[in-house]
Amino acid sequence: ALDLLPWLANAKGKRFYAGVWDGWQWSPFRAHLMSGGAFKGQQLALVPHEAFARELRKWGIRHLLVWSDGANAYLAANSQFVMRWRHDHWTRYEFLDADSRDVGTPRGTGHLRDLTPLGGTVALADVRKGDRIVVRTNYYPAWTARVGDTAVALAPDEGQLAFDAPADGRPRR
């Protein structure tokens, strides 16, 4: 039997691109779904490899765990993916050209810290005031952000949570 619980437990707080079961499911983020050989509601075999890779880069996805013949054939035929593990029907692929940062910055770095089910901290270094910062999670209009007592405006950026850096970051030492 395949024991996914230890693998998934280690991924707690990480980004998942799809649901954890096969079949139809409703989600407000259903455009971000790969399941059963389909991607965004289209047969995966019909999706250009670069369009698929661009979407994974956007969301910071490096590892894919798939089970369908269609997904396996699609990933095996693309040199950007390497099979790392297989058990019964499940196969794990690594996307070699992944940008797996959890926070995108035009310069410097950003990281998520102190994650809880209700929030977290975006730690920035070597950014400039006004730089567009993109957190690789879905934007939700009710969310808020603060630096001290000052509100930071949040906005969608291609569906992801974004804001402009409120100040220059400290130089790294």
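See the structure shown above.
Model, not experiment: these values are computed from the prediction. (Residues numbered from 1 in each chain as written. Predicted model: local features only at pLDDT ≥ 70, side-chain atom pairs only at ≥ 80, totals over all residues. Heavy atoms only, no water.)

Draft legend 1. Structural detail: the overall build of the protein chain. Broken down by element type, the protein chain carries 3 helices and 14 strands. The proportion of buried residues among the 173 residues of the protein chain is 32%. If you take every contact in the protein chain between residues at least 6 apart in sequence, the share linking residues at least 24 apart comes to 51%. Surface accessibility of the protein chain: about 11200 Å² in total, with carbon and sulfur atoms responsible for 54%. (Helix = DSSP H or I, 4+ residues; strand = E, 2+ residues; numbered from the N terminus. Buried < 20%, exposed > 50% of the residue type's maximum accessible area, 1.4 Å probe, protein only. Contact = heavy atoms within 4.5 Å. Areas by Shrake-Rupley, 256 points an atom, 1.4 Å probe, with all protein chains shown as cover.)

Draft legend 2. Layout of the nonpolar core. Met-34, Phe-52, Leu-64, Leu-75 and Phe-81 are the most contacted members of the largest nonpolar core, which totals 18 residues. Per-element accounting of this core gives the leading share, 4 residues, to helix H2 (residues 49–59). Core analysis: the next-biggest nonpolar cluster, separate from the first, contains 9 residues, Val-103, Val-152, Leu-154 and Phe-163 among them. (Core = buried A, V, L, I, M, F, W, Y, C linked by side-chain atoms within 4.5 Å.)

Draft legend 3. Summary view of the sheet that holds strand E3 (residues 42–43). Taken in spatial order, the 3 strands line up as E1-E2-E3 in an open sheet, and their pairing is antiparallel. Looking at strand neighbours, the two that pair on one side only are strand E1 (34–35) and E3, the edges of this open sheet. (Pairing = 2+ DSSP bridges.)

Draft legend 4. Main features of the sheet that holds strand E13 (residues 155–157). Strand order across the open sheet formed by 4 strands is E7-E10-E14-E13, with antiparallel pairing between neighbours. Each of the sheet's edge strands pairs with one partner strand only, and the pair in question is strand E7 (103–104) and E13.

Draft legend 5. Structural detail: helix H3 (residues 69–76). Taken as a whole, H3 has its buried residues at Ala-71, Asn-72, Tyr-74 and Leu-75. For H3, the buried positions fall inside an angular range of 165 degrees around the axis, keeping them on one side. Structural note: H3 exposes Asp-69 and Ala-76 on the side pointing more than 90 degrees away from its buried face. (Arc of directions from axis to C-beta.)

Draft legend 6. Examining H2 more closely. Taken together, the buried positions of H2 are Phe-52, Ala-53, Glu-55, Leu-56, Arg-57, Lys-58 and Trp-59. At the C-terminal side of H2, Gly-60 shows a positive phi close to 75 degrees.

Draft legend 7. Layout of the environment of His-32. With respect to the helices and strands, His-32 occurs in the loop between helix H1 (5–10) and E1. Distance in space between the C-alpha atoms of His-32 and Glu-55 is 8.9 Å, their sequence separation being 23 residues.

Draft legend 8. Spatial organisation of the packing of aromatic side chains. This model, assessed by the stated rule, comprises 5 aromatic pairs. Judged by centre distance (5.0 Å) and plane angle (80 degrees), the ring pair of Phe-39 and Phe-52 falls under edge-to-face. Linking Phe-39 in strand E2 (residues 38–39) with Phe-52 in helix H2, this pair joins segments that are 13 residues apart in sequence. Accessibility assignment for this pair places Phe-39 and Phe-52 in one class, buried. Considering the side-chain rings of Phe-52 and Tyr-74, the 5.3 Å spacing of their centres and the 90 degrees angle between planes classify their relative orientation as edge-to-face. A residue pair is termed long-range when its members are at least 10 positions apart, and Phe-52 in helix H2 and Tyr-74 in helix H3 qualify at 22 residues. The buried category is assigned to Phe-52, whose relative accessible area is 0%. Judged by its relative accessible area of 5%, Tyr-74 falls in the buried class. (Phe/Tyr/Trp six-rings, centres within 6.5 Å; stacked < 30°, edge-to-face > 60°.)

Draft legend 9. Broad picture of the environment of Ala-76. As for its placement among the helices and strands, Ala-76 is situated in helix H3. Placed 17 residues apart in sequence, Ala-76 and Tyr-93 show a C-alpha to C-alpha distance of 8.7 Å.

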